[in-house]
Every structure is written in structure tokens, then in C-alpha cells.
4 protein chains.
Amino acid sequence: MKILVSNDDGYLATGINVLAEALSAVGQVTVVAPDRNRSGASNSLTLDTPLRIHQTGERRYCVEGTPTDSVHAAITGLLDEQSDMVVSGINEGANLGDDVLYSGTVAAAMEGRFLGLPAIAVSLVLGEGQHYQTAARVVIELLARMRAEPLPADTILNVNVPDRPYEALTGFQATRLGHRKRAEALVRDTDPRGRPLYWIGPAGSEEDAGPGTDFHAVRAGAVSITPLQVDLTRYAALDQIAGWLDSA
Amino acid sequence: MKILVSNDDGYLATGINVLAEALSAVGQVTVVAPDRNRSGASNSLTLDTPLRIHQTGERRYCVEGTPTDSVHAAITGLLDEQSDMVVSGINEGANLGDDVLYSGTVAAAMEGRFLGLPAIAVSLVLGEGQHYQTAARVVIELLARMRAEPLPADTILNVNVPDRPYEALTGFQATRLGHRKRAEALVRDTDPRGRPLYWIGPAGSEEDAGPGTDFHAVRAGAVSITPLQVDLTRYAALDQIAGWLDSA
Amino acid sequence: MKILVSNDDGYLATGINVLAEALSAVGQVTVVAPDRNRSGASNSLTLDTPLRIHQTGERRYCVEGTPTDSVHAAITGLLDEQSDMVVSGINEGANLGDDVLYSGTVAAAMEGRFLGLPAIAVSLVLGEGQHYQTAARVVIELLARMRAEPLPADTILNVNVPDRPYEALTGFQATRLGHRKRAEALVRDTDPRGRPLYWIGPAGSEEDAGPGTDFHAVRAGAVSITPLQVDLTRYAALDQIAGWLDSA
Amino acid sequence: MKILVSNDDGYLATGINVLAEALSAVGQVTVVAPDRNRSGASNSLTLDTPLRIHQTGERRYCVEGTPTDSVHAAITGLLDEQSDMVVSGINEGANLGDDVLYSGTVAAAMEGRFLGLPAIAVSLVLGEGQHYQTAARVVIELLARMRAEPLPADTILNVNVPDRPYEALTGFQATRLGHRKRAEALVRDTDPRGRPLYWIGPAGSEEDAGPGTDFHAVRAGAVSITPLQVDLTRYAALDQIAGWLDSA
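For the structure given in this document, a descriptive report is provided here. (Residues numbered from 1 in each chain as written. Chains lettered and ligands numbered in written order. Predicted model: local features only at pLDDT ≥ 70, side-chain atom pairs only at ≥ 80, totals over all residues. Heavy atoms only, no water.)

We now examine the overall build of chain A. On a plain count of helices and strands, chain A comes out with seven helices and 13 strands. The C-alpha atoms of chain A give a radius of gyration of 19 Å, which matches the 18 Å a tight globule of 248 residues would have. Viewed in the frame of its principal axes, chain A has a C-alpha envelope of about 55 × 55 × 45 Å. A total of 248 residues make up chain A; the buried ones form 61% of that total. (Helix = DSSP H or I, 4+ residues; strand = E, 2+ residues; numbered from the N terminus. Rg over C-alpha atoms; globule rule 2.2 N^0.38 Å. Buried < 20%, exposed > 50% of the residue type's maximum accessible area, 1.4 Å probe, protein only.)

Moving on: the interface of chain A and chain B. In many reports, interface size means the accessible area that the parts give up when they come together. Taken together, the contacts link 86 residues of chain A with 87 residues of chain B. Between chain A and chain B lies a buried interface of about 7,600 Å² when both sides are counted; carbon and sulfur atoms form 62% of it. Three residues stand out in chain A for area buried against chain B, namely Arg182, Leu232 and Trp244 of chain A, and they jointly supply 12% of the buried area on that side. Put simply, Asp191 of chain A and Arg52 of chain B hold a salt bridge, and the shortest N to O gap is 2.8 Å. Our enumeration of links across chain A and chain B arrives at 33 residue pairs in polar contact (both at pLDDT 80 or more). Among the secondary structure elements, those contributing two or more residues to the side of chain A that touches chain B are α2 (67-78), α3 (99-102), α5 (132-148), β8 (172-174), β9 (179-180), β11 (196-199), β13 (223-228) and α7 (238-246) of chain A. The greatest single-element share of the side of chain A that touches chain B, amounting to eight residues, is contributed by α2 of chain A. Residue composition of the side of chain A that touches chain B, grouped by class: 45 nonpolar, 22 polar and 19 charged. (Contact = heavy atoms within 4.5 Å. Buried area = accessible area lost by both parts, 1.4 Å probe. Salt bridge = Lys/Arg side-chain N within 4 Å of Asp/Glu carboxyl O. Polar contact = N/O pair within 3.5 Å; in protein donor to acceptor, adjacent residues only side chain to side chain. Nonpolar A, V, L, I, M, F, W, Y, C, P; charged D, E, K, R; others polar.)

Geometrically, a pair of aromatic rings is defined through the distance of the ring centres and the angle of the planes. Scanning all chains against the criterion turns up zero aromatic pairs over all chains. Across the ring face of Phe172 of chain A, the terminal group of Arg145 of chain A is positioned such that the distance to the ring centre comes to 4.6 Å. (Phe/Tyr/Trp six-rings, centres within 6.5 Å; stacked < 30°, edge-to-face > 60°. Lys NZ or Arg CZ within 6 Å of the ring centre and 35° of its normal.)

On to the packing of helix α1 (residues 14-23) of chain B against helix α5 (residues 132-148) of chain B, then. All names here are of chain B. Contact geometry of α1 with α5 gives a least axis separation of 9 Å together with a crossing angle of 40 degrees. Between α1 and α5, the crossing angle belongs to the class labelled oblique. Every pair of crossing elements has a handedness; the one defined by α1 and α5 is right-handed. Counting all contacts with α1, which are made through Thr14, Gly15, Val18, Leu19, Ala22 and Leu23, the residues of α5 involved are Tyr132, Gln133, Ala136, Val139, Ile140 and Leu143. When its residues are assigned to classes, the contact of α1 with α5 shows nine nonpolar, three polar and no charged. (Axes fitted to C-alpha atoms, helices over the stretch in contact; angles between N-to-C directions. Parallel < 35°, antiparallel > 145°, perpendicular 65-115°, else oblique. Left-handed = near helix turned anticlockwise from the far one by under 90°.)

To continue, consider the interface of chain B and chain C. Contacts between chain B and chain C engage 13 residues on the former and 13 residues on the latter. Interface area, chain B with chain C, both sides summed: about 1,100 Å², of which 40% is carbon and sulfur. When the area that chain B buries against chain C is broken down by residue, the three leading residues are Arg36, Leu47 and Arg193 of chain B, summing to 42%. Along the contact surface separating chain B from chain C lie four salt bridges. The salt bridge involving Arg195 of chain B is made with Asp48 of chain C; its shortest N-O contact spans 2.8 Å. Counting across the chain B and chain C interface gives four residue pairs in polar contact (both at pLDDT 80 or more).

All names here are of chain A. Among the secondary structure elements, Val63 is positioned in strand β4 (residues 60-63). On the accessibility criterion, Val63 (0% relative accessible area) is buried. For the pair Val63 and Glu111, spaced 48 residues apart in sequence, the C-alpha to C-alpha distance is 15 Å. Among residues more than four places away in sequence, those in contact with Val63 are Val32, Ala33, Pro34, Asp35, Leu51, Arg52, Ile53, Asp69 and Ser70.

All chains considered together, the criterion is met by 52 salt bridges over all chains. Between Arg176 of chain B and Asp208 of chain B there is a salt bridge, and its shortest N-O distance comes to 2.8 Å. Of the two residues, Arg176 of chain B sits in the loop between β8 (172-174) and β9 (179-180) while Asp208 of chain B sits in strand β12 (residues 206-208), which places them 32 residues apart along the sequence. With a relative accessible area of 26%, Asp208 of chain B lands in the partly exposed category. Three or more residues are tied together by salt bridges with common partners; here these are Asp48 of chain A, Arg52 of chain C together with Asp191 and Arg195 of chain D.

Before going further, it helps to examine the pairing of strand β7 (residues 156-162) of chain C. All names here are of chain C. For β7, a buried count of seven out of seven residues is recorded, marking the element as mostly surrounded by other parts of the structure. A two-sided burial pattern is seen for β7, the buried positions comprising Ile156, Asn158, Asn160 and Pro162 on one face and Leu157, Val159 and Val161 on the other. As paired strands, strand β6 (residues 119-125) and β7 are joined by seven bridges and run parallel to one another. Paired with Val125 across the strands is Pro162, a residue of β7. Taking the sense of rotation as the criterion, the β-α-β connection linking β6, helix α5 (residues 132-148) and β7 turns out left-handed. Alignment of β7 against strand β13 (residues 223-228), held across five bridges, turns out to be antiparallel. Looking at the pairing, Val159 lines up with Ile225 of β13. (Pairing = 2+ DSSP bridges. Right-handed = clockwise from strand over helix to strand, strands pointing away.)

So, on to the relation of the copies chain A and chain B. Here chain A sits on chain B after a turn of 180 degrees about the axis and a move of 0.0 Å along it, with an RMSD of 0.0 Å. When the rotation and shift are considered jointly, the pair of chain copies conforms to a two-fold rotation axis. (Least-squares fit on C-alpha atoms with pLDDT ≥ 70 in both.)

Taken together, the nine strands give an open sheet; going across it, the order is β3-β4-β2-β1-β5-β6-β7-β13-β8 (chain B), and neighbouring strands pair in mixed fashion. Strand pairing shows two members of the sheet lacking a second neighbour, β3 (53-57) and β8 of chain B, which therefore form its edges. Shown here is a sheet whose adjacent strand axes are inclined to one another by a mean of 20 degrees, direction ignored. Against the sheet, α7 of chain A contacts β7 (156-162), β8 and β13 (223-228) of chain B, and its axis sits at roughly 160 degrees relative to β8 of chain B.

Fair warning: the whole summary comes from geometry, so function is off the table for now.
Here it is, written out as C-alpha cells:
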């Protein structure tokens, strides 16, 4: 199995290196990841400028671009061989609920949707430690289950792992995305030259986070596995819109 | 009605100015948009650096940031008054099928999901002319229908308008997103100093583009209206994953 | 006379627009300037990515790049006609002493060193008002004197104008650059997500600022005119180095 | 001796690593350098956004910023101990004549002008090999001579080393900067989406490059050592300007 590994924290982050090493036990790993932290990059693609891509070792590349640029480049010609799947992470921090919209970790996985196996985005819900090894082992586990019982290819799994030893996990749960409240207020500040500037405020607190949600699972110490779709169509609203158009 | 207008082509683009002027006939318009073309920015949020925001006129702001930054800032404290809805566009070019994942136009609309009315992303399917006025009139039409028969607030409408006179439109269709093939190959090049660089290749051609899709509607000369969801959970796969976990 | 106008505050700044309008009385003005504030850009040239250049009006261009990029592009092929000289400014704030090393305003003028007439960088020493008109009139004055009594072409004039009505100026002085103390300390801060960041501290205070220096002239209410050289060779040290090499 | 090492090719470049290792034989080396290639950055200082600085090892830091940012940060508070001097390089390619205006390598050295010993910028004139070791040995040589016979502190040495074994060098020469012709024409191109873009053209060819210049020395196989000044005042023109003002 040829596994393409990427992330949004940058190719020097602890998470991606723990992940790449763990996955090399089950497949041939190629790392193509941003050269800098690009958290919050979402699915952004760099269209206005060319990309600089540097080979930093055998099957190791860093890209002066976004997570999506990295995976896009890898599967459209940078690499000689086609990968079978993308694993993105291990992100330093959770990607729960609305976070996935902005997440570069999830976006890198989405960009792997054209490959043969479901893509996985994996995040460590930082808290009690730096248990990246737990998250790596969870991914290995999921790959084994996938092999035994295949999922449809056009699926992305968003996996959040509590920050604790593997033995202390309380289980694995299939979850839906919860929701956060609107983000905290914009932070106004001034730079040392007295000019105004603004920081995007922290993410909102949990709002829809009860049983069945990803928030709830990780709070209970379980690995949260949320299947995501790349097709954003709200099918349930199609009839409503159609009727609405007819009534005009 | 207080309407927040944004886009991803930048605040100087023709599309946003035609849109803002048209909407000022039906509501109070505030423009908060990127200072540069940020096509392909998706939902990226600028978290690592502060934003510079410049007021360029009455209720007119440009942001040295992304479309998502612009709308996020506007609804979390930049503006004194809360807006009722976001209209994003008029994008210079279509946003069909997989394009919506990368689109800054659609992302700006998504960021308005917390407001009272459904957000609208509107794009002109460039072809025969520069009929931005047609797209503006389509938006005014949709607002009137919304008022008559409300849609749920947490809905985004992705609207693509053929580039022709309003009278030449063949109708309005409720559509699902079609799909494109994988993108064209990465374009390798060298800069004038002889160093290698890479351009992201053009979007793939249409693959799933039959009746019922957005591709099909605009090809037929109709306005395509696709309801989008912000919740990416693939609910249909939850049972499958749950069973899959149990079988382990 | 064909005058190329640029700056580092961006093409929308008050200073460049006052300057362009004033100069149009004495020559044909073309504006090629950065699209954003690029203060502190020094002579930086964008070599790693291509430039986007937008025409915003007749003989008006904005460049997604630095001041040096703007003038460089203008004189190496962007414009059909060759300019006779570059005037850069009116900068919002002084460029005195060591400031010139970092100044994009001065750099834009330096980039015009290959043209037929001496380049001028002009800055308003902000203080009591917004007397950009005073600075514009000073430039017109200097051009008239230049015409009467030419200076060598490979000269850059760094002009700093006190922020007061033209009538309140106490004269024009030929000055040398003074010097500042080392810059203030780096400013450590944390972003709203708790991560460390650093701001470059404010410029150091005046140290070598007595009679004959640019600092002294503007403090006395006079226009300071400092001739600058583009050749950084310290000729006086050549013999010393040569002897030093021989002694080895 | 505490030596601060920086460059403009980025902290992963071969040149800076060869240099840092060589210098550790004669002093305590601290590396503070850009995280990416920032050739052409000149003396640009990042004033509009904060800097992210990452510690990558003991006395090793990379800065998401320019060479000038790197040295500026290092000497205004990033490091606990004050450095005695800055050595910048080994640049991948020559910095001759007008190049020094744009060079980030030279700028990093200039930013060290406030320290106790003369700063050195060192570049390898790429050609026949990758003889970074030769350039490193040249720097060690120069430091020994400096110690024996001190130069004034406010001096920058711009050193260009032919790309050959140390034994094949034909000597060391004290040189003045030569000059290049105007740069080659702007390169017009279009991106894969058909939109126009421009690349800064290659540097101009040599024009003033005879005996005594840096161009001439390296062509003859000798190390070129050019003393540079930070004070850009063209003292010889002061009287002329003064007379010119009086004549008005």
C-alpha cells in the first residue's frame, strides 16, 4: 500500500513525523506537506502564483503552499507513482464540529478523494499529554479494519483522538459533527507603530455537542470517527427550492 | 434589510460593484471584501497574522485577507450593526461541482450561516458577454421569493447565472452539484533564473454533469440554484462505520 | 518631461495622489506603485514569484509587489515610453538617517538611477498637519532648479519636508544623513491562541543629529535635501584593506 | 568570540550550514536565519505583521521573515547574550556590483553594524563546483587578519569567493563595486488560467568591470573583498547641492 502523508502544521511538526514513521510499518510512505504551519488554510488552492517544492529526503517533499496544494501536487504529477490513499495529520489539536470547514488537515484528506481508498484526517485532542503515538496506533487500527471490511472510496474519515495512552481510550465511536456557537469577537489591537489591526477571535464554544456528536465522544475519552462527504449539496432542500421556484 | 456583500475577486472587481449597487435598491448594503483577488481561498481563515482592514468609504471596507476573514470580521465586531444576510459575488466565472470546495465566493457565503437569512453565493458563467446585470437581477428576484416563502436560515444558495441578457435566460432550476474529473496535471516550468516551479493545473472536465446537475442547468441557459449544507457529516455512512467498528 | 511616480505607501495613499496631480502641471505623469502599503520594503525585488500588475486608469498601474518591483517593471518594459525621471512619495512620515536603508520610498527612487534625470524621494515629516501640498510644491521647486542647473544623473535626492504651510518653511538645506541609535527592543507578545510572536521594535532615537544633518534641518523647519549614492563602496577603506591583506 | 550567522537562502541551505560548522572552530556560533529562501529581500524589515520565530536546536533559530528581520531580532532581544559580529552567507551565487543593493546576504551583514566587530557577507561565485568549504576557509582567514589588525567597527566586508579549491585561488584583492547595465527586460507570461503575469528579468551584464572592481577580481580567480558603508550620503555632492540651492 502506497500512503501519501500530509498535514497543515508543516512538515517539521511532531505529529506528521510520528505518523509517517508508524505508517511505514504497513506501507510505503511518501510525505508531501507544507513548509510552514498552515492551520486554517481550509481547501485553499494557490492559483495566482506558482509553487516552490523542495525534496528534503527520499520520498519527502515540502511545499511552499497549502495542505491542499501539497496533496493536489502529489496526485497530479509531482510523484512518479500513484498513491493508494492519503492520511493527514496528526494535527496538533482537535478538529471538531465547525472546525472542519477551516481545517487544513481535513482539506488535505479531502484532496485525496480521487484515490483508491478512503482518506483519513487525524487530530490529537490536546490536553493531558503529547500522546501522538496513541493517534498513530489508532490510524494503524483503522487501516486494518478498512482492509477487512472496505468502505466506499469517496469517503473521508475525520478522526479525533483523546490525548492519553492507548490503553486509556474508552473506545471508538462513529459520530456526526457537532456545532459550535458563533466565534468569539474580533480582537482589536494596535501594532508597536500605533496602527490598528485585528485578530480573528477564538472559535466559539460547543453548542450542539450531545451524545452522538464528535465533541461528546472525545469528552468521554473515546476516539471519534466522523464520515465526511465532499459533495456539499443539501439534497433534502432540493424539493423545497424547486417548489419555491415554481411558486414564483 | 441589512445586506453584507463580499466576494473573492477583490473589492475593486466589477462583479461586486454591480451587485452592491443593485442590492442598495432593496436594503442597506455594507461591503467588506478582500483587497486583492483571492480566488481559490476556500474557507481559509487567517490565524497566524493579524488583519489590516481599511475603510474606503461609507459602509465600504477592504481587508488584507481572505473572503472568510472579511465576512468573519464583519459579523464578529468590525461593524456596529448586525447584518441580516450575506450575498457574495458576483464571481467572475462559474462555481460548479467540485469548484465549490475551493471557492472563496461560496466560502464567504458559508461564513454568513449564523445570520438571520440564507446566504447567497452568485457567479457569472462567463461566456458570451459581461452580463453582470443579469446576475444582479437574479439575486434581487431570489430575495423577493425568499421573503414570500422563507427558507431555513442555515442554508447557503450557490447560484450560477449564464452570461446572457436576463430575457434570454431559459429559467431557474434547483440543482445538485455535479462532479468534475480529477484536475489536469501539475504544470512544471522554470522561472527566468532557471529554477523549477509548479503551477496547479486547470480544473478537471465535467464527469457527472447530466440532468439535475448545476453543470446541466447552466449549459441549458438556466440559472442554477444549488442548496448547500455547512454540515459535512455523511449521515448515510454512520451506520456502516458503527457496524464496522463493532465487527472489530 | 515624462515623470514616473511611485511610493511605498500604496497607490491609494494621499501622498502619491497629491504628488501625481501636482506634477501633472509640469510633465506627463505615469503612476506605477504597490497595491498595498509596503513601508520597510527597502530595495527588495520579487524574484521567486511573478508579479500581477493591474491597470487602474490612463497611465495608472498598481503592482502586487514592492516599490522596487514597481519602478523596475516600469523601466524594463511595462511602459511603452521611457520615463525621464522617477519621483517617489510623498511618504507619510520622515525618512531620516538610518531610515533610508529600510525605506521603500528611497528604494523606488534608487531604482530610477538609470534614467536621464536625478531621482527624487520625498517624505512629509508628519507632525502638525497633513501638508502634503507643501511637499508637492517643494518637488516642483526642485525640478525648476534642476532644469536651470543640472545635477549629475546618477544622483538620488532624499527630500524631507516639515509638515507646515509652504510659507512657514525656514528654508532649504543640503544635508548629510544623521544616525539613529540601535532600534528599540524586540516586542514579545502572544496571539489570541496563546502562541508567541515578535514585533520589530520602533526605530532608535537620534544620535548623530547635529547641524549639517537631515534631522537637524527638519527640526529647524527647513526642507532637508540629502544627495545619496547608489554605490556603497567605502572608498576610504580600500587602502586600509589592501594593506591589511598585504600584511597577512 | 560570539558569532551570529545568518543568510538569505534560508536556514536549510548548504552554505549556511558549512559556514556555521567552520566558524564553530573559532567562536560560539548562533544561527538566526529565514525559514525560506529570501534572495532579493534587500534590507526589508517586516513592520506590518509580527514575526514567528522557531527554535530548531541549541542556538539555532529560524524566522518567518527576511534576513534583516532575522539579524534585527537577534540583536534586539531574541538572544540572551549579545553577539560580537555577524557573518552572513555563504550565499549560493555571487553578489557583485549593483547586486549588493538587492542582496539579502549583504543586508543581513549591514544589520550587524551596531556590533563590536566588522560584519562580513560572503558569497560563492558559482561556477565550476560547490566549493563552499573554500569560502568558509576564506572567512576564517579574514577573521584571523581582523584580530591581528583591527578594522573600524562600522564596516561591512562584502566577500565574493571563486568556486574552486582553496589552493586554486589566485589571491585576495581589495576591490570597489563594479556596475551592471540596466536589467534585462521584464518577462511577460501568462499563467495556466490565461491571465497575464510578469517576471523581473535577469540582472544586467557587467558594464564597469575593469581592474579594481569586484567583477574583475573574481574573474581572475581571486577572492574579492569590498568594504561597504552604511551611510549612503554622497558627500562629494553636498557643496554642489548647497550652491544650487543658493543660486535659486
